[in-house]
Amino acid sequence: MNLGIIGYGNIGELISQNIINHDFYNLNKLYIANRTLSKINHLKDTDPHISVTDDNTEVARNCEKIIISVKTSDLINVLEQIKPHLNKDTQIIHTCAGIDLKFEDNGLSCVIPTISSTYDKNNPKKGVSIIMHDENVSAENKDFVEDLFSKFSHIKVVDNTLDLEIATIAASCMPAFIALSLDLFANKLEERCNLSKEETFKILAETLNSTTYILNEDIYSPDELINKVATKNGITQKGLDVLDEDLPAIYKRLICNLL
Ligand SMILES: NC(=O)c1ccc[n+]([C@@H]2O[C@H](COP(=O)([O-])OP(=O)(O)OC[C@H]3O[C@@H](n4cnc5c(N)ncnc54)[C@H](OP(=O)(O)O)[C@@H]3O)[C@@H](O)[C@H]2O)c1
């Protein structure tokens, strides 16, 4: 089977690199198309399974499965461009957030990957990909998408656009929110001590990593963990009081702005 990826930006690259590093999932050929060919030219010499092009119709003519990962505003144009060249059974998957559309009889699957799933050989399955199929997608085609993304991420399948949007915030936007929070906090800590910004950032990032492990593995619930750290009138409790007062309003404003 041939799989095509149209759009080699942040997400097209992430999906391609996961597929390549998982030994191509027994694909016959991986076609990668990008508007700017120079961005993908280097890939063609790395493996005979890979074919690169700036002609999306070449992908349409040759692939049974196509993942489109262009910007949301470019999706309809790409679909219109490839439509006349598709085979009747071609399966189309896209990664575009914030669009609700119908396409051909085989339906469309939307997968919102996350940059958290960037390939890492020591931890090849991470992050949560959010998946929604429309009602025309066959069981076999659903399985293909879910199996593919399960190889390198956890998956959450949803059946309505509101859940898709909410889960997108939690899985796909959140890496950026976390990065900004750590960066701002590191700036403020650095202003008050002799440690450099890089040093405080490293401490925060490692703390985030180890704390996430404890919570993710259910070693402690959030409440149990808070009780382990905070003592009455101690500095952690003072910090918790500040966050408890301010964070709910910030999260409410965030969600209102995103939905
Ligand atoms: N970034 C994330 O964390 C994230 C997470 C989940 C979902 N998404 C969604 O995934 C989609 C892609 O996001 P992204 O961050 O990967 O965007 P991006 O970095 O801007 O990548 C888009 C890619 O599409 C290529 N492209 C544009 N028009 C094309 C065309 N007509 N034919 C072939 N290639 C074309 C661009 O080529 P050039 O090299 O010529 O610019 C670029 O490489 C968006 O809809 C976004 O909402 C993003």
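Note that the coordinates shown come from a computational prediction; the quantities given were computed from them, not determined experimentally.

Asks: Sorry, what's going on with the site of the ligand here?
Replies: Around the ligand, the structure places 23 residues, and the nearest of them are Ile-11, Asn-34, Thr-36, Lys-39 and Lys-71. Contact between the ligand and Lys-39: an oxygen atom at 2.8 Å from a side-chain N or O atom of the residue. At 2.7 Å from an oxygen atom of the ligand is found a side-chain nitrogen or oxygen belonging to Lys-71. Those elements that place two or more of their residues in the shell around the ligand are α1 (10–21) and α3 (72–82). At 3 residues, the largest contribution of residues to the shell around the ligand is made by α3.

Asks: Would you mind showing me how to read the side chain of Asn-34 here?
Replies: Mapped onto the fold, Asn-34 is located in the loop between β2 (29–33) and β3 (50–53). Using a relative accessible area of 9% as the deciding quantity, one classes Asn-34 as buried. Side-chain polar atoms of Asn-34 contact the backbone oxygen of Thr-36, separated by 3.1 Å. If we ignore the near neighbours within four places in the chain, the residues touching Asn-34 are Gly-7, Tyr-8, Lys-39, Ile-40, Thr-53 and Asp-54.

Asks: Help me understand helix α4 (residues 139–150), please; the structure alone is not making it clear to me.
Replies: Given 3.6 residues per helical turn, the α-helix brings residues three or four places apart onto the same face. If you check α4, its first and last C-alpha atoms are 16 Å apart, about what 12 residues at 1.5 Å a residue would give, namely 16 Å. Asn-141, Phe-144, Val-145, Glu-146, Leu-148 and Phe-149 are the residues of α4 that are buried.

Asks: Help me understand the pairing of β3 in this model?
Replies: Side chains Ile-50 and Val-52 of β3 all project onto a buried face; the interleaved residues Ser-51 and Thr-53 project onto the opposite face, where all are buried too. Sheet analysis places β2 next to β3, joined by 4 bridges and oriented parallel. By the bridge assignment for β3, Ala-33 is matched with Thr-53.

Asks: Help me understand the pattern of salt bridges, please; the structure alone is not making it clear to me.
Replies: Opposite charge on two side chains allows them to pair when their charged atoms are near. Summed over all chains, the structure comprises 4 salt bridges. Among the salt bridges present, the one from Asp-55 reaches Arg-61, with a minimum N-O distance of 4.0 Å. For Arg-61, a relative accessible area of 43% puts it in the partly exposed group. Residue Lys-88 pairs with Asp-89 through a salt bridge whose shortest N-O separation is 3.4 Å.

What counts and how
Residues numbered from 1 in each chain as written. Predicted model: local features only at pLDDT ≥ 70, side-chain atom pairs only at ≥ 80, totals over all residues. Heavy atoms only, no water. Near = heavy atom within 4 Å. Polar contact = N/O pair within 3.5 Å; in protein donor to acceptor, adjacent residues only side chain to side chain. Helix = DSSP H or I, 4+ residues; strand = E, 2+ residues; numbered from the N terminus. Buried < 20%, exposed > 50% of the residue type's maximum accessible area, 1.4 Å probe, protein only. Contact = heavy atoms within 4.5 Å. Expected span 1.5 Å × (residues − 1). Pairing = 2+ DSSP bridges. Salt bridge = Lys/Arg side-chain N within 4 Å of Asp/Glu carboxyl O.

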